[in-house]
Amino acid sequence: MAASSEWHCEKRPLSKNESFARENEDVPETGCLSIVVLGASGDLAKKKTFPALYNLYRQGFLRKNEVHIFGYARTNITDDELRDRLRGYLPQGTGDAEYVSSFLQLIKYVSGSYDDPEGFQALDNAISEHEISKNSTEGSSRRLFYLALPPSVYPQVCKMIKNYSMNRSDLGGWTRIVVEKPFGRDLASAEELSSQIGELFEEPQIYRIDHYLGKELVQNLLVLRFANRFFLPLWNRDNIANIQIVFREDFGTEGRGGYFDQYGIIRDIIQNHLLQVLCLVAMEKPVSLKPEHIRDEKVKVLQSVVPIQDEEVVLGQYDGYKDDPTVPDISNTPTFATMILRIHNERWEGVPFILKAGKALNSRKAEIRVQFKSVPGDIFKCEKQGRNEFVIRLQPSEAMYMKLTVKKPGLEMSTVQSELDLSYRQRYQGLVIPEAYERLILDTIKGDQQHFVRRDELRAAWEIFTPILHRIDKGEYKSLPYKPGSRGPAEADELLERAGYVQTHGYIWIPPTL
Ligand SMILES: NC(=O)C1=CN([C@@H]2O[C@H](COP(=O)(O)OP(=O)(O)OC[C@H]3O[C@@H](n4cnc5c(N)ncnc54)[C@H](OP(=O)(O)O)[C@@H]3O)[C@@H](O)[C@H]2O)C=CC1
Ligand SMILES: O=C1O[C@H](COP(=O)(O)O)[C@@H](O)[C@H](O)[C@H]1O
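Definitions and limits used
Within any chain, residue numbers begin from 1 and follow the written order of that chain's sequence. As they are written, the chains are lettered A onward and the ligands numbered 1 onward, keeping that order. Totals for whole chains, interfaces and linings use every residue, but because this is a predicted model, local features are given only for residues with pLDDT of at least 70 and side-chain atom pairs only at 80 or more, for both listing and counting. Excluded from the side-chain calculation are hydrogens and water; included are all heavy atoms of the structure. UniProt positions are given in the numbering used here, feature names are shortened, and annotations may be inferred rather than shown by experiment. Only DSSP runs of H or I reaching four residues or more are called helices, and only runs of E reaching two or more are called strands; each is numbered from the N terminus. Our radius of gyration looks at C-alpha atoms and nothing else; its globule reference is 2.2 Å times the residue count to the power 0.38. We call a residue buried when its accessible area falls under 20% of the maximum for its residue type, exposed when it is over 50%, and partly exposed in between, using a 1.4 Å probe and counting protein chains only. Should any heavy atoms of two residues lie within 4.5 Å, those residues are considered in contact. By convention in this text, a residue qualifies as near a molecule or strand provided that one of its non-hydrogen atoms is within 4 Å of it. Between N or O atoms, a polar contact is any pair within 3.5 Å; within protein, one atom must be a potential hydrogen donor and the other a potential acceptor, and residues adjacent in sequence are included only when both atoms are from side chains. All accessible areas in this document rest on Shrake-Rupley with a 1.4 Å probe, and a residue is counted as covered only by the protein chains that are shown. Amino acids are sorted into nonpolar (Ala, Val, Leu, Ile, Met, Phe, Trp, Tyr, Cys and Pro), charged (Asp, Glu, Lys and Arg) and polar (every other residue, Gly among them). A fitted line through C-alpha atoms serves as each axis, taken over the contacting stretch for helices, and the angle formed by two N-to-C directions is quoted from 0 to 180°. Roughly parallel covers angles under 35 degrees, roughly antiparallel covers those over 145, roughly perpendicular covers 65 to 115, and oblique covers all other angles. Values of pLDDT, the confidence the predictor places in each residue, fall between 0 and 100. Note on pairing: two strands pair once DSSP finds at least 2 bridges between them. Place the viewer so that the strands point away; then a crossover is right-handed whenever the path from the first strand over the helix to the second strand goes clockwise. Patch rule: a residue counts if its relative accessible area is over 30% and it has no salt bridge; like charges are joined within 9 Å, and nonpolar side chains (Val, Leu, Ile, Met, Phe, Trp, Tyr) within 5 Å. Think of a salt bridge as a Lys or Arg side-chain nitrogen and an Asp or Glu carboxyl oxygen that are within 4 Å of each other.

The name given to the protein in an unreviewed UniProt entry is Glucose-6-phosphate 1-dehydrogenase, with Penstemon smallii as the source organism. Per UniProt, the protein has the following entry under Sequence similarities (unreviewed entry): "Belongs to the glucose-6-phosphate dehydrogenase family." Heading Catalytic activity (unreviewed entry) of the UniProt record for the protein holds this comment: "D-glucose 6-phosphate + NADP(+) = 6-phospho-D-glucono-1,5-lactone + NADPH + H(+)".

J.: If you had to explain the overall build of the protein to someone new, which residues and values would you point to?
T.: If you tally the helices and strands in the protein, you get 14 helices and 15 strands. Relative to its length of 514 residues, the protein is compact, with a C-alpha radius of gyration of 24 Å against a globular reference of 24 Å. With the C-alpha coordinates aligned to their principal axes, the bounding extent of the protein is approximately 75 × 60 × 40 Å. The buried share of the protein, taken over its 514 residues, is 52%. Put simply, of all contacts in the protein between residues at least 6 apart along the chain, 77% involve residues at least 24 apart.

J.: Describe the site of ligand 2, listing the residues and the values that go with them.
T.: Surveying the vicinity of ligand 2 reveals 13 residues, the closest of which are Lys181, Tyr212, Lys215, Glu249 and Asp268. Between ligand 2 and tyrosine 212 there is a distance of 2.4 Å, counted from an oxygen atom to a side-chain nitrogen or oxygen. Arginine 256 has a polar side-chain atom sitting 3.3 Å from an oxygen atom of ligand 2. Computed on the free molecule, ligand 2 has an accessible area of 390 Å², of which 82% lies beneath the protein chains in the complex. Per-element accounting of the shell around ligand 2 gives the leading share, 3 residues, to helix H9 (residues 257-282). Classifying every residue of the shell around ligand 2 by side-chain character gives 3 nonpolar, 3 polar and 7 charged.

J.: Kindly report on the packing of helix H5 (residues 154-165) against helix H6 (residues 187-198), identifying the contributing residues and their values.
T.: Any two packed helices are characterised by the angle at which their axes cross and by the distance between the axes. Running from N to C, H5 and H6 point in directions that differ by 5°, and their axes come no closer than 9 Å. Classified by the interaxial angle, the pair formed by H5 and H6 is roughly parallel. Touching Tyr154, Pro155 and Cys158 of H5 are Leu193, Gln196 and Ile197, all from H6. Its residues assigned to classes, the contact of H5 with H6 comprises 5 nonpolar, 1 polar and no charged.

J.: Requested: an account of the confidence of the model for the protein, with residues and values cited.
T.: Any segment with low pLDDT has predicted coordinates that should not be analysed in fine detail. Residues of the protein with pLDDT of at least 70 account for 92%, and the chain-wide mean is 91. Predicted confidence for residues 1-18 stays below pLDDT 50, and this span has 12 contacts to residues more than four positions away or in other chains.

J.: Describe in detail the pairing of strand E1 (residues 32-38), supporting the description with residues and values.
T.: Most of E1 is tucked away, with 7 of its 7 residues classed as buried. Residues Cys32, Ser34, Val36 and Leu38 point to one face of E1 and Leu33, Ile35 and Val37 to the other, with burial holding for every one of them. When E1 meets strand E4 (residues 141-147), the two strands line up parallel, connected through 7 bridges. By the bridge assignment for E4, leucine 33 is matched with arginine 142. Pairing geometry for E1 and strand E2 (residues 67-73), over 6 bridges, is parallel. Paired with valine 36 across the bridge in E2 is phenylalanine 70. The parallel pair E1 and E2, bridged by helix H1 (residues 43-58), forms a crossover whose chirality is right-handed.

J.: Give me the lowdown on the environment of arginine 185, citing residues and values where you can.
T.: Summarising the element assignment, arginine 185 is placed in the loop between strand E5 (174-179) and H6. Given a relative accessible area of 31%, arginine 185 falls into the partly exposed group. Between the C-alpha atom of arginine 185 and that of glutamine 262, which follows or precedes it by 77 residues, the distance is 8.9 Å. Other than its neighbours up to four places away in sequence, arginine 185 contacts Gln262, Tyr263, Arg267, Trp462, Leu469 and Asp473.

J.: An account of a nonpolar patch on the surface is needed here, citing residue identities and associated values.
T.: On the surface, Ile379, Phe380 and Met413 cluster together into a nonpolar patch covering about 390 Å² of accessible area. Counting through the fold element by element, isoleucine 379 comes out in the loop between strand E11 (365-372) and strand E12 (389-395).

J.: Provide a residue-level description of the pattern of salt bridges, including the pertinent values.
T.: Scanning the entire structure with this criterion turns up 31 salt bridges. Measuring nitrogen to oxygen at the nearest pair gives 3.2 Å for the salt bridge that ties lysine 483 to aspartate 319. Here aspartate 319 lies in the loop between strand E8 (313-318) and strand E9 (336-342) and lysine 483 lies in the loop between strand E15 (480-482) and helix H14 (490-498), a separation of 164 residues in the sequence. Residues glutamate 367 and arginine 369 are paired through a salt bridge, measuring 2.9 Å at the closest nitrogen-oxygen approach. Of the residues examined, glutamate 367 reaches a relative accessible area of 5% and is grouped as buried. Arginine 369 gets classed as buried once you look at its relative accessible area, which sits at 13%. Connected through shared salt-bridge partners, Glu292, Arg295, Asp296, Arg454 and Asp456 make up one network.

J.: Can you lay out the sheet that holds E5 for me, pointing to particular residues and giving the numbers?
T.: In space, the 6 strands of this open sheet follow the order E3-E2-E1-E4-E5-E6, with parallel pairing throughout. Either end of the sheet is taken by a strand with one partner, and the two such strands are strand E3 (107-111) and strand E6 (206-208). Along the sheet, successive strands turn relative to each other by an average axial angle of 20°, direction set aside. Inspection of the sheet shows E2 paired to E3 by 5 bridges, in the parallel sense. If you follow phenylalanine 70 over to E3, its bridge partner there is lysine 108.

Right under this line is the structure:
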């Protein structure tokens, strides 16, 4: 084979024909763009929102002559103090310094409370000033409000935006709001929140963000499934034995114990991130790539999930979780859960979808593991070696690999487990994979809701988990203790086995190094 550079991804912009973007994406909007980060003093804002905005700026998606960024929060700080706080979270690489400085100059800070008209009027004045300074005509002003805030203040903030800070143009500009998870604690609270916000904004203005939908390999799922003939005939109950969707973190709640204890791992990870991934793995082919067609199919999958069975749930809490002073001593909040979802439809009847999420485990990893059924008529007597698996590694080190049985190289006729491996870092050398938030914020600017959660989707998601969450809240389920740095409670592995997962012994996929 020729030099490995032949395999490198050629870096060049996509032409219009190569991009399968939807029709309206071809006409980029222009005009004044004001991005307002509410809760600008907070954790998410500094770690994710502003760095994502910086990356978009650095790549030319936010243009200096059009965009202005506003931070809003109660904390009394100046523009420069906010800029100084953010600087440390922005890239420090070669060539970044100049961009970082000019990016920070685009940021203005407005201080005010979340229920006070005065603050939002001041914000409106600041935005209008910017719009005038950019000579924006009335019809070309775009206002994006990113709520990096606790959900408890969403209704009042939305009311303030609606009353005092909206784009007042009826000639074409827009106002959009981005809301973070957790969107509610259960079905009733989520519905109430949806109604409150729904009275103020139309659904096309509301972007319920789930950052897992912005991850590269999550975005690849529909392409993989529906653009490859390989998978079409195999992706069903006839061939697939079980599917795992796994999230592991090798650290605990780390200073977020107060927040986490009110929610727990099911509300924090499973009800949103893992369930969104499940939708993309299990849904039928949409009529087209239009956001509503895709979201229609996701809703159908969610509505086909049957009630979760008691014996198909294992909860855990890591030892030491309650040492956090913000966590009550009697907390039973799960920091780990394995639960099986079953989809009652023609494609998936009988196939367990095993959702597993845990904090303070032995590794940091998120993956989808599709295990195929054993081959009937095992003439090679290789069944015990393991089953075919197709694994999609979402993070770290994005990859997908197909675990398969091959002849062991050599004179002997025996079999061995191996893999077909597409490791992104190796295959697409030098290509920087965008951060999930970067991609999703860009979508909000373009007005593309494909990767955002629609109201009926959210309702269907809460319908699945609310009964069990209420029972956990009442203490009817016990969280089993597990050691930090372990695989979680042993009972979770037993459940996996009962669900029909066959572990391959003696085989470990090792990500290739360059
Ligand atoms: N942090 C993360 O990694 C992630 C966070 N999220 C979600 O993003 C949102 C923001 O998260 P995060 O930044 O961590 O939250 P923070 O606790 O850091 O809160 C953000 C800001 O909101 C204000 N605030 C905090 N508590 C209250 C309150 N009770 N009433 C009014 N204002 C308050 C504070 O600003 P000030 O006092 O200056 O007004 C604070 O700086 C949440 O919905 C969270 O669930 C989602 C995914 C990951
Ligand atoms: O939403 C959340 O996600 C993070 C994990 O995000 P990742 O992109 O690093 O996988 C998690 O730590 C946090 O508890 C949760 O609120």
